[in-house]
Amino acid sequence: PKVRIQSLRLLNNEGIRSAAITETICNMARGAPPELRFQLALSARLLPPDDSVRLLSDLVADEPSPEVRTALLCTANTLPSWPILKNLIDAPGVAELPDWKLDFIEKLAELTTNRDRSEMIPSLKWLADRPASLIGSVELAVLNGISRGIDSHGAPFIERASRSASELEMLSPVLATYADA
């Protein structure tokens, strides 16, 4: 593992330009020790966006290490976070998640508010499309994350959001549905 970690660090300096190297990096995630998963999480930002999402989704699937989860969030903050979040919330068995994974989902959902509206809209649509009977801890974690992100951005977020009436129209029924949960 130490040789792989050092190789990833060197690639971080040189950049990742090869499809074969990208594929090898993506395949390292499964069964890797925590030190290697940590470096993979940090190196994911250098991969093409689709490969970054795939690697981060594989890493977060069952990541018990808080250090690696922190590295995942650092990298997710530099990428579109909705695809990573979607892979996580649409995974089989998502209804029964440990608290650490719900917390991670909430933090990823908060990241969807960090960029332009294109990041937050899909998560709001996902919430709006959920039947009220399926409202559970995952949906509430996504909503809490979006709410926390909106709160932390304050007036600048409201100004950006108010430019699009469709976003505000979409947000109202979602909040009304989840207010009753």
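Note that the coordinates shown come from a computational prediction; the quantities given were computed from them, not determined experimentally.

Undergrad: Tell me about the nonpolar core, residues and numbers included.
TA: Membership of the largest hydrophobic core comes to 45 residues, with the highest contact counts inside it found for Leu40, Leu55, Ile105 and Leu108. Not counting chain neighbours up to four residues away, the residues in contact with leucine 40 comprise Leu8, Ile25, Met28, Ala29, Leu55 and Leu59.

Undergrad: Please set out the packing of helix α4 (residues 49-60) against helix α6 (residues 81-89) residue by residue, giving values where relevant.
TA: Across the interface, α4 lies against α6 with an axial gap of 9 Å and an inter-helix angle of 40°. In terms of axis orientation, α4 runs oblique to α6. As for how α4 packs across α6, the hand of that crossing is right-handed. Across from Val53, Leu56, Ser57 and Val60 in α4, the residues of α6 making contact are Pro83, Ile84, Asn87 and Leu88. In the contact of α4 with α6, the residues fall into six nonpolar, two polar and no charged.

Undergrad: A description of the side chain of arginine 69 should follow, citing residues and the corresponding values.
TA: Of note, arginine 69 is situated in helix α5 (residues 66-76). Apart from the residues within four sequence positions on either side, arginine 69 is in contact with Glu63, Pro64, Trp100 and Phe104.

Undergrad: Explain the packing of helix α3 (residues 34-43) against α5 residue by residue, including any values.
TA: Relative placement of two packed helices is described by the angle separating their axes and the distance separating the axes. Axis separation between α3 and α5 bottoms out at 8 Å; the angle between their running directions is 10°. In this view, α3 runs roughly parallel relative to α5, as classed from their interaxial angle. Between α3 and α5, the contacting residues are Pro34, Arg37, Phe38, Ala41 and Leu42 on the first element and Glu67, Val68, Ala71, Leu72 and Thr75 on the second. When its residues are assigned to classes, the contact of α3 with α5 shows seven nonpolar, one polar and two charged.

Criteria and thresholds
- Within each chain, residue numbers correspond to sequence positions counted from 1 in written order.
- Local features are withheld for residues below a pLDDT of 70 in this predicted model, meaning they are given only at 70 or higher, and side-chain atom pairs are given and counted only at 80 or more; totals for whole chains, interfaces and linings count all residues.
- Excluded from the side-chain calculation are hydrogens and water; included are all heavy atoms of the structure.
- Note on terminology: a nonpolar core comprises buried Ala, Val, Leu, Ile, Met, Phe, Trp, Tyr and Cys residues joined through side-chain atoms within 4.5 Å.
- Only protein chains enter the accessibility calculation, which uses a 1.4 Å probe. A residue is then buried if its area is under 20% of the maximum for its type, exposed if over 50%, and partly exposed in between.
- Whether two residues are in contact is decided by their heavy atoms: any pair within 4.5 Å suffices.
- Note on geometry: axes are lines fitted to C-alpha atoms, helical ones only across the stretch in contact, with angles between N-to-C directions running from 0 to 180 degrees.
- Elements are defined by DSSP. Helices are runs of H or I of four residues or more, strands are runs of E of two residues or more, and each kind is numbered from the N terminus.
- With respect to orientation, any angle under 35 degrees is reported as roughly parallel, any angle over 145 as roughly antiparallel, any angle of 65 to 115 as roughly perpendicular, and every other angle as oblique.
- Should the near helix be turned anticlockwise from the far one by less than a right angle, the crossing is left-handed, and should it be turned clockwise, the crossing is right-handed.
- Here the nonpolar group is Ala, Val, Leu, Ile, Met, Phe, Trp, Tyr, Cys and Pro; Asp, Glu, Lys and Arg are the charged ones; every other residue, Gly included, is treated as polar.

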